[in-house]
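For reference, the chains in residue letters:
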Amino acid sequence: MEEEDDCPELVPIDPKPPVSSVGQIPVTIITGYLGAGKTTLLNYILTEQHNKRIAVILNEFGEGSALEKSLAVSQAGELYEEWLELRNGCLCCSVKDNGLKAIENLMEKKGKFDYILLETTGLADPGAVASMFWVDAELGSDIYLDGIVTVIDAKYGLQQLSEEKAEGLLNEAARQIALADLTIINKTDLVSGEDLDRVKDTVRSINGLVKIVETQRSRVDLSEVLDLHSFDTENAANLSEKLHLMRSPHPHLDKSILTVTFEVPGDLSEDALNLFVQDLLWEKLFLNKGGQPMTVIRLKGIVALAGKDHQVMLQGVHELYELNETPERWEENVRINRLVFIGRNLDKDVLQEHFLARVLHKLDN
Ligand SMILES: Nc1nc2c(ncn2[C@@H]2O[C@H](COP(=O)(O)OP(=O)(O)OP(=O)(O)O)[C@@H](O)[C@H]2O)c(=O)[nH]1
């Protein structure tokens, strides 16, 4: 199965003190199904006034569309085997196979840019790309993952989401939405208000946390796309509020991917939480009532660890996760863990049962 192919080395991570992204270069991953409007979005961002020198990485993953895309981005006609500097100071390059070489190249050019946009092809799994940047940040690099943006075709999005996949394979369009921090529903000029609402409902039911904006020609307010700080512990209060307001989703087309959320009061045992998350993300030990293993694509939470005054943020992408202490202190006597799981074959009751049985800190031991 494809998810197992690129499993990185997995190391449990202790909660770290509040992380700040000051001085680091943000990376925004732009993904979306074929033809949704990703290149149009890149072009738009590159040509808007933003006072940023943006580096663009086109991640072709061995497909043949690089030339076309590069041309679209530069509007100049060159091939970018090397870096190309655009007139407004933006940089462009295309990457083969994976982004690691590109990161090395980028770091050599450090100082020449202050934002990275990485576009993955329509069929790539952005989770693998995202975790690569995450690991890199862990290794003390100067870049950090700012957010995952998924562009959706308002006209064909539902059709793409309902495409049947072979047994065991995820619908890529649904996976891209599951991973996203922001979804841009593009080409709204091509659909009625009713159809647009159906697309929005479906997106929301896959990913109950994601922010949705609607666009034509991918024209989006740049402040909606850039500098989202989606993984920043500074955002803890915001995330906590969002998790609190979330409700269980409605059924949707691709029923296999959905959002599950629950709240549990009390302190958690840190070791038990690590084991729980590892059994869930890595070992895929938890089965739903139909006997299928639950697969989590994105995981977020604000949790109370025993002995810690500060709220701890749990973030999971693909098979990586992190626990980071946030600047937010718990108020006296109101320590409520809030968790959101986005993935396939998820069963809220079963998950919550496992969680309650295993992770709550037992006072008597
Ligand atoms: N009608 C309409 N067409 C759009 C809109 N946005 C983009 N397009 C067109 O849709 C087509 C695909 O747009 P791209 O930006 O190339 O899409 P992409 O996601 O980069 O496509 P791939 O590289 O194939 O994955 C192009 O012909 C665009 O001109 C829109 O809002 N409305």
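Thresholds, definitions, all that
- Residues numbered from 1 in each chain as written.
- Predicted model: local features only at pLDDT ≥ 70, side-chain atom pairs only at ≥ 80, totals over all residues.
- Heavy atoms only, no water.
- Helix = DSSP H or I, 4+ residues; strand = E, 2+ residues; numbered from the N terminus.
- Buried < 20%, exposed > 50% of the residue type's maximum accessible area, 1.4 Å probe, protein only.
- Contact = heavy atoms within 4.5 Å.
- Areas by Shrake-Rupley, 256 points an atom, 1.4 Å probe, with all protein chains shown as cover.
- UniProt positions renumbered as here; feature names shortened; annotations may be inferred.
- Core = buried A, V, L, I, M, F, W, Y, C linked by side-chain atoms within 4.5 Å.
- pLDDT = per-residue confidence, 0-100.
- Salt bridge = Lys/Arg side-chain N within 4 Å of Asp/Glu carboxyl O.
- Phe/Tyr/Trp six-rings, centres within 6.5 Å; stacked < 30°, edge-to-face > 60°.
- Pairing = 2+ DSSP bridges.
- Axes fitted to C-alpha atoms, helices over the stretch in contact; angles between N-to-C directions.
- Parallel < 35°, antiparallel > 145°, perpendicular 65-115°, else oblique.
- Left-handed = near helix turned anticlockwise from the far one by under 90°.
- Nonpolar A, V, L, I, M, F, W, Y, C, P; charged D, E, K, R; others polar.

Glancing now at the overall build of the protein chain. In terms of helices and strands, the protein chain carries 12 helices and 13 strands. For the protein chain, with 365 residues in total, the buried portion stands at 55%. Put simply, of all contacts in the protein chain between residues at least 6 apart along the chain, 78% involve residues at least 24 apart. Approximately 16,300 Å² of the protein chain is accessible, and the part contributed by carbon and sulfur atoms is 48%.

The UniProt record marks residues 257–359 with the feature "domain: CobW C-terminal" (unreviewed entry), using the residue numbering of this structure. Structurally, residues 257–359 comprises 24% helix and 44% strand, and the distance from its first C-alpha atom to its last is 25 Å.

Here the focus is the nonpolar core. Soluble, globular proteins show a tendency: their nonpolar side chains are buried together. Counting 50 residues, the largest nonpolar core has Ile116, Ile185 and Val203 as the members making the most contacts within it. If you tally residues by element for this core, the top one is helix α7 (residues 172–179), at five residues.

This part is about the confidence of the model for the protein chain. Averaged over all residues, the pLDDT of the protein chain is 78; the fraction at 70 or higher stands at 72%. Ranking the elements of the protein chain by mean pLDDT puts helix α3 (residues 66–74) last, at 40, and strand β7 (residues 182–186) first, at 98. Low pLDDT (under 50) marks residues 1–5, which in the prediction has 10 contacts with non-local residues, meaning those over four places away or in another chain. With pLDDT under 50 throughout, residues 16–20 is counted as low confidence; its partners more than four residues away or in other chains account for 16 contacts. Interface predicted TM-score (ipTM) for the complex: 0.98; the corresponding pTM is 0.79.

Attention now moves to the pattern of salt bridges. On inspection of all chains with the given rule, the structure shows 15 salt bridges. Between Lys284 and Glu319 there is a salt bridge, and its shortest N-O distance comes to 2.8 Å. Here Glu319 lies in the loop between β11 (310–317) and β12 (320–329) and Lys284 lies in the loop between α11 (270–283) and β10 (295–303), a separation of 35 residues in the sequence. Three or more residues are tied together by salt bridges with common partners; here these are Asp181, Arg298 and Lys300.

Going through the model one piece at a time under the given rule, you end up with five aromatic pairs. Here the aromatic rings of Phe276 and Phe355 are separated by 5.2 Å at their centres, their planes lie at 85°, and the arrangement is edge-to-face. Of this pair, Phe276 sits in helix α11 while Phe355 sits in helix α12 (residues 348–358), placing them 79 residues apart in sequence. The same class applies to Phe276 and to Phe355, which are both buried.

The subject of this paragraph is the environment of Gly127. Position of Gly127 relative to the elements: it lies in helix α5 (residues 126–138). Residue Gly127 is classed as buried on the basis of its relative accessible area of 0%. Each C-alpha atom of the pair Gly127 and Phe341 lies 15 Å from the other, and the pair is 214 residues apart in sequence. The contacts of Gly127, once residues within four sequence positions are left out, are Leu179, Val317 and His318.

On to the pairing of β7. Burial analysis of β7 places five of its five residues in the buried class, the great majority of the element. Burial along β7 is two-sided: the face carrying Leu182, Ile184 and Asn186 and the face carrying Thr183 and Ile185 are both buried. Direction of pairing for strand β6 (residues 143–153) relative to β7: parallel, over a ladder of five bridges. Note on β7: the bridge partner recorded for Thr150 is Thr183.

Before going further, it helps to examine the packing of α11 against α12. Packing of α11 against α12 leaves a shortest axis separation of 10 Å and a crossing angle of 150°. With respect to α12, the element α11 is oriented roughly antiparallel. α12 is crossed by α11, and the crossing has right-handed handedness. In contact with Ala272, Leu273, Leu275, Phe276, Asp279 and Leu280 of α11, α12 contributes Leu351, His354, Phe355 and Arg358. Class assignment of the residues belonging to the contact of α11 with α12 gives a composition of seven nonpolar, one polar and two charged.

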